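# Reading the structure
Read off the chains here:
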Amino acid sequence: MDPDTFRSDIGVDIYWRRRMAALVGVLVVVAVVAWACSSTSGPDDVRERDSAARQETPDPLLTVPPTVTVTPSASASPTPTPGVTKAAARPRRPGEACAAPQLVLSMEGQGTVYPPGIRPRFVLTLVNVGKVMCTTDVGPRAMEMRITSGTDRVWSSSDCVSGETANVRELARGIPYVKELVWDRRRSGDGCTADRAAALPGTYVAVVHAPGLKSRKAVFHLR
């Protein structure tokens, strides 16, 4: 072997060994520095990192729950309250006094214009529309016919009546009680006398009243 070549090979080998040693030394220094940095992070640093993590994570016990609004359903029905049961009306017995709802009162005039000397005539009708026979007073005070002219009370069947005025009648179902009244064309009042004033020509209105009942008006004229 050529001596020069041998020396050249030895030099190259020494060169690469030195390079490897330098590289290993650098790696050792880097490892030592990394170890030193990690060792300086003590328990305090760990606690600070844990505290920061806890601050970032909300405590479920301290979290305010969302407010929930309950809207009642439109189809929900209110709880029914106990009602008061109305007592059934006692059936009426035959012969008892007639109640106003059982009776129908009407009156018709026999004319609308009465010449001088002709007395106005009226027909009163009372009908029992109830289920059983009943009794009622059809006397001149209980079933009163009144004649007026405007606001002037001219005549009443209850005026100038003396003695017993009651006239109780039995009214069978559907059978009318009929009564005719004749007006003598004179005025009446509480204190009637034999010489009563005559009614003047004009327009008059006749109406019949009974307890809880009233007939339709009948308009007529005196000449």
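Residues numbered from 1 in each chain as written. Predicted model: local features only at pLDDT ≥ 70, side-chain atom pairs only at ≥ 80, totals over all residues. Heavy atoms only, no water.

## Quick word on the confidence of the model for the chain
Selection criterion: Every residue is assigned a pLDDT by the predictor, reflecting its confidence on a scale from 0 to 100. Here, two residues are considered to be in contact whenever any of their heavy atoms come within 4.5 Å of each other.
Residues with a pLDDT of 70 or more make up 60% of the chain, whose mean pLDDT is 78. A low-confidence stretch, residues 2–8 (pLDDT under 50), is modelled with 1 contact involving residues beyond four sequence positions or located in other chains. This model gives residues 60–64 a pLDDT under 50, and the stretch forms 1 contact once residues within four places in sequence are excluded.

## Description of the side chain of arginine 185
To keep it simple, the criterion reads: Where helices and strands are cited, they refer to DSSP runs of H or I of at least four residues and of E of at least two residues respectively, numbered from the N terminus. For every residue, the accessible area (1.4 Å probe, protein chains only) is compared with the maximum for its type, and the residue is labelled buried under 20%, exposed over 50%, or partly exposed between those bounds. By the counting rule applied here, Lys and Arg register as positive and Asp and Glu as negative, while His and the ends of each chain are not counted. The salt bridge criterion pairs a side-chain nitrogen of Lys or Arg with a carboxyl oxygen of Asp or Glu, the two atoms within 4 Å. Within 3.5 Å is the distance limit for a polar contact, defined as a pair of N or O atoms, with the added protein rule that one can donate a hydrogen and the other accept it, and that residues adjacent in sequence qualify only through two side-chain atoms.
Summarising the element assignment, arginine 185 is placed in the loop between strand E8 (177–182) and strand E9 (202–210). Aspartate 184 is the oppositely charged side chain nearest to the buried, salt-bridge-free arginine 185, at an N-O distance of 8.3 Å. Within the structure, arginine 185 has its side chain in polar contact with the backbone oxygen of isoleucine 118 (distance 2.8 Å). In this view, arginine 185 contacts Tyr114, Pro115, Pro116, Gly117, Ile118, Arg119, Pro120, Ala198, Ala199, Leu222 and Arg223; residues no more than four positions away in its chain are not counted.

## Focus: the pairing of strand E6 (residues 152–156)
Filter applied, for reference: In this analysis, strands are considered paired if DSSP registers two or more bridges between them.
Note that strand E5 (residues 144–149) and E6 share 4 bridges and pair antiparallel. By the bridge assignment, serine 149 is partnered in E6 with aspartate 152. Following E5, the chain reverses through 2 residues before pairing antiparallel with E6; glycine 150 in that reversal takes a positive phi of roughly 70 degrees.

## Describing the packing of aromatic side chains
Here is the rule: When two rings of Phe, Tyr or Trp (its six-membered ring) have centres within 6.5 Å they constitute a pair, described as stacked for plane angles under 30 degrees, edge-to-face for angles over 60, and tilted for the intermediate range.
The full count for this structure, using the stated rule, is 5 aromatic pairs. Look at tryptophan 183 and phenylalanine 220: their rings are 6.2 Å apart centre to centre, the planes differ by 75 degrees, and that puts the pair in the edge-to-face class. Placement of the pair is tryptophan 183 in the loop between E8 and E9 and phenylalanine 220 in strand E11 (residues 218–222), with a sequence separation of 37 residues. In this structure, tryptophan 183 and phenylalanine 220 share a single accessibility class: buried. Here the aromatic residues Tyr114, Phe122, Trp183, Tyr204 and Phe220 are joined through ring pairs into a cluster of three or more.

## Points about the pattern of salt bridges
A side chain of one charge can pair with a side chain of the opposite charge when the charged atoms of the two come close. Throughout the structure, instances matching the rule amount to 6 salt bridges. In this structure, the salt-bridge partner of glutamate 180 is arginine 121, at a minimum N-O distance of 3.7 Å. Here arginine 121 lies in strand E3 (residues 121–128) and glutamate 180 lies in strand E8, a separation of 59 residues in the sequence. According to the relative accessible area criterion, glutamate 180 is partly exposed, its value standing at 47%. A salt bridge links arginine 187 to aspartate 152; the nearest nitrogen and oxygen atoms lie 2.9 Å apart. Here arginine 187, found in the loop between E8 and E9, pairs with aspartate 152, found in strand E6; they are 35 residues apart in sequence, far enough to count as distant. For aspartate 152, a relative accessible area of 31% translates into the label partly exposed.

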